[in-house]
Amino acid sequence: MYELKTLLPQFDIKLPTCMYALKNVSLAADALAPTASTSSSSSTCRSSRNHKTSGSGKAATCALDLDTLGRQIQQLLKDDTATVAARQEKVLQQLEELKAQLGQIRAGLGVCGKTYQHTTAFQNGGLKEIPLQDVVINGHPNFIPYALLALKNAWRDLYTIDVKTFTHSTMADIGPAAREFEANLAKVSVNPALPKINVTLIWKNCEHTEMISSPTMYVPIYGEVNIIRYLGRVGPAEYRYEGSALCNEIDLVLDICYQLLRCNTHKTQVAMVRLLDKRLQQQQYFGGSQMSVADIGVYSSLIRMPTITDKDLTPALLAWRKRAKLVAQI
């Protein structure tokens, strides 16, 4: 046969050192330095094949050779497995020692041993619960997020919303309405035994109420209605509506509230109120027989619209507002 040229160039290949090396099984016979008897029997087998001779003695020698090679390969694999197991035990022992050292450092520095805050012990529609970060809400004193106070009162025995307020340098004075809002927030006690979310409310000269839920990425959630949606998803299980049959209805009511807050004329505001009356119909609340985040959104939106008076509300909405006021306490 003609000779083939080498396709790969001649250069040194640097093998990685981050992993353990396994022995080449295909070269096991050469690596284990076969004995003279094994080499002799192998040559005997090759000779018998070349001359096409057959005999019981030579066949037995070839079978013995293959059996010996098989035992050698098994022993080689067994040795590699034992090496890997020993390496794993050593790594686990080092991790335990590192854990103990970190514990000693934590105790020496006096670091708090509390873990991240969690939403609740329940599962949100089958989704895995994750640690809940603190949120920051930027709001203008002219657009007070009354939904925070309403949710804090409504969830008094279920969930705690710990709100702390600050004033940005862009605001010279927040006004009496915002100060009264802060005082009402402070009146609601914080129960440390309940699940809690920390909310930082910053009075700022901004156009829209916005919430930042991630400390590492500035991805704001605009609008009080969408903030209510977020809090409804991480709040108590009684107010999570995604798995409810009224999920679309609650979202539709919140969408109407979003449009109501952006109406520029009294005529369009009254038109949005009529849509809310159609959604309420003869129900006690917008979510059926129990109060939901939809009621919180409507109640907060009506407070923020002083141009809408009792004359603009239907008898059904007036009766609903009395029931909602007992829960929201605003």
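Residues numbered from 1 in each chain as written. Predicted model: local features only at pLDDT ≥ 70, side-chain atom pairs only at ≥ 80, totals over all residues. Heavy atoms only, no water.

**A look at the nonpolar core**
The criterion, for reference: Grouping buried Ala, Val, Leu, Ile, Met, Phe, Trp, Tyr and Cys residues that are joined through side-chain atoms within 4.5 Å yields what is termed a nonpolar core. Buried, partly exposed and exposed residues are distinguished by accessible area as a fraction of the type maximum, computed with a 1.4 Å probe on protein chains only: under 20%, between the cut-offs, and over 50%, respectively. A contact between two residues is defined here by any heavy atoms of the two lying within 4.5 Å.
Formed by 61 residues in total, the largest nonpolar core has its most connected members in Phe181, Leu231, Phe286 and Trp320. In contact with Phe286, not counting residues within four places along its chain, are Glu249, Val253, Leu276, Arg279, Leu280, Ala294, Asp295, Val298, Leu317 and Trp320.

**Side note on the sheet that holds strand β4 (residues 210–212)**
Condition: We treat two strands as partners when DSSP finds at least two bridges between them. Helix and strand definitions follow DSSP, with helices as H or I runs of at least four residues and strands as E runs of at least two, each counted in order from the N terminus. Between the N-to-C directions of two axes lies an angle of 0 to 180 degrees, each axis being a line fitted to C-alpha atoms and, for a helix, fitted only over the stretch in contact.
Here we have five strands laid out as an open sheet, ordered β2-β3-β1-β4-β5, and mixed in their pairing. Strand pairing shows two members of the sheet lacking a second neighbour, β2 (160–167) and β5 (220–222), which therefore form its edges. Geometrically, the sheet is characterised by an average inter-axis angle of 25° between neighbouring strands, direction not taken into account. As defined by bridge partners, strand β1 (residues 135–139) adjoins β4 across three bridges and the pair is classed as antiparallel. Bridging from a neighbouring strand, Ile137 pairs with Met211 of β4.

**Some thoughts on the pattern of salt bridges**
Note the following rule: In the sections that follow, a salt bridge refers to a side-chain nitrogen of Lys or Arg positioned within 4 Å of a carboxyl oxygen of Asp or Glu.
Summed over all chains, the structure comprises eight salt bridges. For the salt bridge of Glu242 with Arg233, the shortest nitrogen-to-oxygen distance reads 2.6 Å. With a relative accessible area of 40%, Glu242 lands in the partly exposed category. Among the charged side chains, a salt-bridge network with shared partners connects Arg229, Asp251 and Asp255.

**A word on the confidence of the model for the chain**
Convention followed: For every residue, the predictor reports its confidence as pLDDT, a number between 0 and 100.
Looking at the chain as a whole, its pLDDT mean stands at 80, while 77% of the residues score no less than 70. Counting interchain partners and residues more than four positions distant, the pLDDT-below-50 stretch residues 27–54 has 15 contacts. Every residue in residues 116–124 is under pLDDT 50, and counting partners more than four places away or in other chains gives 34 contacts.

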